[in-house]
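Here are the chains, one letter per residue:
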Amino acid sequence: MANIAIIGAGSWGSALAMVLHDNGHAVTLWSLEEEHIAELKRTGENPRFLPGVKLPASLNYTADLAEAARDKAMLVLAVPSHAMRPVTKSLQGLVHKDQLLLSVAKGFDIETHARMSELIAATFPANPVAVLSGPSHAEEVSRRVPTAIVAASGDELIAQQVQAYFNNDYMRVYVNSDVIGVELGGALKNIVALASGICYGLGGGDNTEAAILTRGLKEIVRLGSKLGAKETTFYGLSGMGDLVVTCGSRHSRNRTAGIMLGKGKKLADIQAEMGMVVEGINAARIAHVLAEEHGVEMPITEAIYRVLYQDYPISRLAVDLMRRDVKPE
C-alpha cells in the first residue's frame, strides 16, 4: 500500500482517487477551495464535477497543500493545464526529491507553451516525473467501465511504477517511453474534438466526423514528429484512442463546446454554462503558434484558431476546409 495524494479534486482527480483506493492505496484528495472540501466530506460525493458517483468512505480530504504533499510516495497533479504553473509553484518547498510527480493534465503551459511534464521537471529537476494519458472519461472510470490508458516516462522503471499503482481489473495500463508523443496526443486531440463538434453542430454527419478525425490525426502526426515524438505513438492510446473517445462521446467537453459553437452560441456563454475547463480552447492558440514556428501545415487547427480568436465565420469552416486544393492522401 502506498500513500498517495491527488492534487486537484475535479472529475478526473476524483475518478483516479477511486482507482487508487480500489487498489488498496491510502489516498488524499486536495482542492484549493475549503468549501469544496467541506462539500466532499459532507456528501461523500463530488456533485460539482462528478454527480451521482459515491466516493469511498475512507478517502482523505484536505485544502492544505502542505498536508496533502506530506509523506506521500506519489503526487498526482490533476489540475487543468492553465493551473499547473501556480500549483507547482505553490508546491515548491513542500516536495521532497524522492516523490514521484505524475501529470494527468492534457494541455500546454499558457506562458511558455511547454508540455506539462516539461513544466513540472523544470520546477522539480530532482524528482522522477511521469505522465498518465489516453482515452478515459472520468464519468466511466468512476463507474469502473473497462478502460485502457498509457503511463509514459523516459525511465522505464518509473513508468512501470505508475502502471503498478493504477492497473487493475477495469483499468489496464500500458507503458511508453515516448513522453512527448503521449502528451502531444492528449493535448492536440482536444482541438480536433472542437472541430468535430462544430461540424456536427453545423449539420454534419458521420462522414464529416470521420473526415475530421482522420485528417486531424494527420495534423497531430505532422506537428508531433517535428517536436520529437515517435509517429507510432499517435496510432496508439494517446493519439488515435484519445481522438475516438473525445471526438465521439457525449462526455467530451471539447466536442460539446464545439457543438454549441456550431449552433451559434458565443464562446463566453458556453464556458459559463459548462462550468468546467475546455482544454482545446487554449490548445488551439498554442498549436497555431507551434505550427507556424515549425512550418507545419495544420488546416483544421488553423480553422479552429481563427474561429476562436479571429472572428472567422463559423458557417464557413466546413466549406473552406472542403474546398482546399486537392492533393494525394
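Residue indices begin from 1 for each chain and proceed along its sequence in written order. Local features in a predicted model are, by the rule used here, given only for residues with pLDDT of at least 70; side-chain atom pairs are given and counted only at 80 or more, and totals for whole chains, interfaces and linings are based on all residues. Each side-chain value is worked out from all heavy atoms of the structure, with water and hydrogens disregarded.

Peer 1: What is the right way to read helix α4 (residues 81-91) from this model?
Peer 2: Structurally, the α-helix is built with 3.6 residues per turn, so residues lying three or four positions apart point the same way. Taken residue by residue, α4 has Ser81, Ala83, Met84, Val87, Thr88 and Leu91 as its buried positions. An end-on view of α4 places all buried positions within 135 degrees of arc, on one side of the element. The inward-facing, buried residues of α4 abut β1 (3-7), α3 (65-69), β6 (74-77), β7 (100-103), α5 (116-123) and α13 (279-294). In DSSP terms, a helix is any run of H or I states spanning at least four residues, a strand is any run of E spanning at least two, and both are numbered starting from the N terminus. Positioned one or two residues after α4, glycine 93 has a phi angle of 90 degrees, which is positive. Relative accessibility decides the category of a residue: with a 1.4 Å probe and only protein chains considered, values under 20% of the type maximum give buried, values over 50% give exposed, and everything between is partly exposed. For this quantity, the arc is that covered by the directions from the helix axis to the C-beta atoms. Throughout, a residue-residue contact means that at least one pair of heavy atoms, one from each residue, lies within 4.5 Å.

Peer 1: Can you help me understand the UniProt feature "binding site: NAD(+)" (unreviewed entry) in the protein in this one?
Peer 2: Mapped onto this numbering, the UniProt entry gives "binding site: NAD(+)" (unreviewed entry) at Gly8, Ala9, Gly10, Ser11, Trp12, Gly13, Ala138 and Arg253. With respect to the helices and strands, the residue tryptophan 12 is situated in helix α1 (residues 11-22). The class for tryptophan 12 is buried, based on a relative accessible area of 15%. With residues near it in sequence (within four places) discarded, tryptophan 12 still touches Val104, Ser136, Ala138 and Val141. Among the structural elements, arginine 253 can be located in helix α11 (residues 253-262). On the basis of relative accessibility, which here comes to 30%, the residue arginine 253 falls in the partly exposed class. Not counting chain neighbours up to four residues away, the residues in contact with arginine 253 comprise Ser11, Met274, Met276, Val277 and Val278. UniProt positions are given in the numbering used here, feature names are shortened, and annotations may be inferred rather than shown by experiment.

Peer 1: Which parts of the structure should I look at to understand unusual backbone geometry?
Peer 2: A negative phi angle is the norm for most residues apart from glycine, just as the trans form is the norm for most peptide bonds. At histidine 113, a residue that is not glycine, the phi angle is positive and equals roughly 65 degrees. Its location among the elements puts histidine 113 in the loop between β7 and α5. Of note, the phi angle at arginine 144 is positive, near 65 degrees, even though the residue is not glycine. The topology assignment puts arginine 144 in the loop between α6 (138-141) and β9 (147-152). Classification of arginine 144 as partly exposed rests on a relative accessible area of 39%.

Peer 1: I'm lost on the state of the cysteines in this one. Help?
Peer 2: In a disulfide, the sulfur atoms of two cysteines are covalently bonded to one another. Pairs of cysteine sulfur atoms within 2.5 Å are what we label disulfides. The final tally for this structure, using the stated rule, is zero disulfides. Looking at the unpaired cysteine 199, the closest cysteine sulfur is the one in cysteine 247, lying at 10 Å. Residue classification places cysteine 199 among the buried positions, given a relative accessible area of 5%.

Peer 1: What should I look at first to understand the sheet that holds β7 in this one?
Peer 2: Where strands meet in a sheet, backbone hydrogen bonds hold them as pairs that are either parallel or antiparallel. We call two strands paired when DSSP finds no fewer than two bridges between them. Across the sheet, eight strands lie side by side as β5-β2-β1-β6-β7-β8-β9-β10; this open sheet has mixed pairing. Strand pairing shows two members of the sheet lacking a second neighbour, β5 (60-62) and β10 (171-176), which therefore form its edges. The average angle at which neighbouring strand axes cross in this sheet is 25 degrees, direction not considered. Of the pairings in the sheet, the one linking β7 to strand β8 (residues 129-133) comprises three bridges and is parallel in character. Lines fitted to C-alpha atoms define the axes here, with helix axes fitted over just the stretch in contact, and angles between the N-to-C directions of these axes take values from 0 to 180 degrees.

Peer 1: How do you make sense of the pairing of strand β2 (residues 26-30) when you look at a structure like this?
Peer 2: The side chains of a regular strand alternate between the sheet's two faces. For β2, the tally of buried residues reaches four of five residues, placing the bulk of the element in the interior. Pairing analysis gives five bridges linking β1 to β2, with the strands arranged parallel. Among the inter-strand pairings, isoleucine 4 is bridged to a residue of β2, identified as valine 27. By convention, orient the strands away from the viewer: a clockwise path from the first strand over the helix to the second makes the crossover right-handed. Between the parallel elements β1 and β2, the chain passes through α1 in a crossover that is right-handed. Two elements, β2 and β5, share three bridges in a ladder whose sense is parallel.

Peer 1: For this particular structure, what's the right way to read helix α8 (residues 179-201)?
Peer 2: A rise of 1.5 Å per residue sets the reference length of α8, with its 23 residues, at 33 Å; its end C-alpha atoms lie 34 Å apart and thus fit the reference within 8%. Buried residues dominate α8, accounting for 21 of its 23 residues. One or two steps after α8, the chain reaches glycine 203, where phi turns positive at roughly 110 degrees. Helix span is expected to be 1.5 Å times the residue number reduced by one.

Peer 1: Where do I start with a negative patch on the surface in this structure?
Peer 2: The patches described consist of residues with a relative accessible area above 30% and no salt bridge, like charges being joined within 9 Å and nonpolar side chains (Val, Leu, Ile, Met, Phe, Trp, Tyr) within 5 Å. Each accessible area is a Shrake-Rupley estimate made with a 1.4 Å probe; only the visible protein chains count as cover when residues are assessed. One side-chain nitrogen of Lys or Arg within 4 Å of one carboxyl oxygen of Asp or Glu is enough to make a salt bridge. Charge counting treats Lys and Arg as positive and Asp and Glu as negative, with His and both chain ends excluded. The location of each charge is read from NZ of Lys, CZ of Arg, CG of Asp or CD of Glu. On the surface, Glu34, Glu35, Asp64 and Glu67 cluster together into a patch of negative charge. Its location among the elements puts glutamate 67 in helix α3. Taking the relative accessible area as the measure of exposure, glutamate 67 reaches 37% and is therefore partly exposed.

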